[in-house]
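Here is how the chains run, residue by residue.
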Amino acid sequence: MDRKISPHSALVDVLQQGSISFPVLLFTEYKRLGLNEGQVMLLLHILLFNEKEGITFPTVSQLEERMSVKGDRIVQWLQVLVRKGFLSIEETVDDGGLRSEQYSSAPLLQQLAASYLDRESIQPDDTVEEAYDNLFQLFEREFGRPLSPMECETLTQWLDEDGHPESLIVAALREAVFCGKLSCRYIDRILLEWQRNGIQTPEEAVEYSRKFRQSGILYQSDPTRREGEKAEEFSLYNWVKQGS
């Protein structure tokens, strides 16, 4: 006795026929690559024809039967995809010498990979953001007050434009604290002086400051020093070791 198959079971059988494999990055990167939703759907249909039906070069008519746009729009999209390097048309020759054409999605995969890597490279680094926050908090703690917008901009400039290492900025802050001259202008002079003399590490900065104090002079352009006034005498202070 034949068993009747319910519509529900038939639908389940259809759904269990499988799925196609497609690059997930196509959904996350297509906007960055300048593709629209219609072009993405066209690419998916081409992948479906190839993977599930063995049709490597579906015709415009075959694609039109499954899409809600006219053939001329499909032709336009195909031209765009080929011209912009998302699809390529390759010629193959079988054992009998019969030539045929097929779509290759390899260029699409290459572009998706490049877009993903480019996006990852410009994502903000959490460790960098944390370092920025720690540096700003350190300055506010030493200054005993919130930094002004101008001071925040100065700190950002030291890091992003001038390229001063964070460790040297901290070293310059400690030098300013020791000298009793807590201002971004004075710290900027310290950093500039160190840069001119090739100072690259806090240890080199300690040695450089040692020579400065032994010579009895302060950093140039000290706004608090009057003309003819002798520089203050400082004992050696190893703030690098102090901060470790």
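Residues numbered from 1 in each chain as written. Predicted model: local features only at pLDDT ≥ 70, side-chain atom pairs only at ≥ 80, totals over all residues. Heavy atoms only, no water.

As recorded in an unreviewed UniProt entry, the protein chain goes by DNA replication protein DnaD and comes from Kroppenstedtia eburnea. Its UniProt record gives the protein chain a comment under Sequence similarities (unreviewed entry), which states: "Belongs to the DnaB/DnaD family." (UniProt positions renumbered as here; feature names shortened; annotations may be inferred.)

A. Focus on the packing of helix α9 (residues 166–179) against helix α10 (residues 184–196). One way to put it is that α9 packs onto α10 with a least axis distance of 9 Å and a crossing angle of 125°. In terms of axis orientation, α9 runs oblique to α10. For α9 against α10, the interelement crossing comes out right-handed. Every residue of α10 that contacts α9 at L168, I169, A171, A172, L173, E175, A176 and C179 is listed here: Y186, I187, I190, L191 and W194. Classifying every residue of the contact of α9 with α10 gives 12 nonpolar, no polar and 1 charged. (Axes fitted to C-alpha atoms, helices over the stretch in contact; angles between N-to-C directions. Helix = DSSP H or I, 4+ residues; strand = E, 2+ residues; numbered from the N terminus. Parallel < 35°, antiparallel > 145°, perpendicular 65-115°, else oblique. Left-handed = near helix turned anticlockwise from the far one by under 90°. Contact = heavy atoms within 4.5 Å. Nonpolar A, V, L, I, M, F, W, Y, C, P; charged D, E, K, R; others polar.)

B. Spotlight on the pairing of strand β1 (residues 88–93). For β1 and strand β2 (residues 99–104), the ladder comprises 6 bridges, and the chain directions are antiparallel. Counterpart to E90 in the pairing with β2 is Q102. The antiparallel hairpin formed by β1 and β2 contains 5 residues in its connecting segment, where G97 sits at a positive phi of about 85°. (Pairing = 2+ DSSP bridges.)

C. Structural view of the packing of helix α8 (residues 149–160) against α10. At a minimum axis distance of 11 Å, the contact between α8 and α10 shows a crossing angle of 15°. When the axes of α8 and α10 are compared, the pair comes out roughly parallel. α8 and α10 meet at a crossing whose hand is left-handed. Seen from α8, the contacting residues are E151, T154, L155 and W158; seen from α10, they are C184, I187, D188 and L191. Classifying every residue of the contact of α8 with α10 gives 5 nonpolar, 1 polar and 2 charged.

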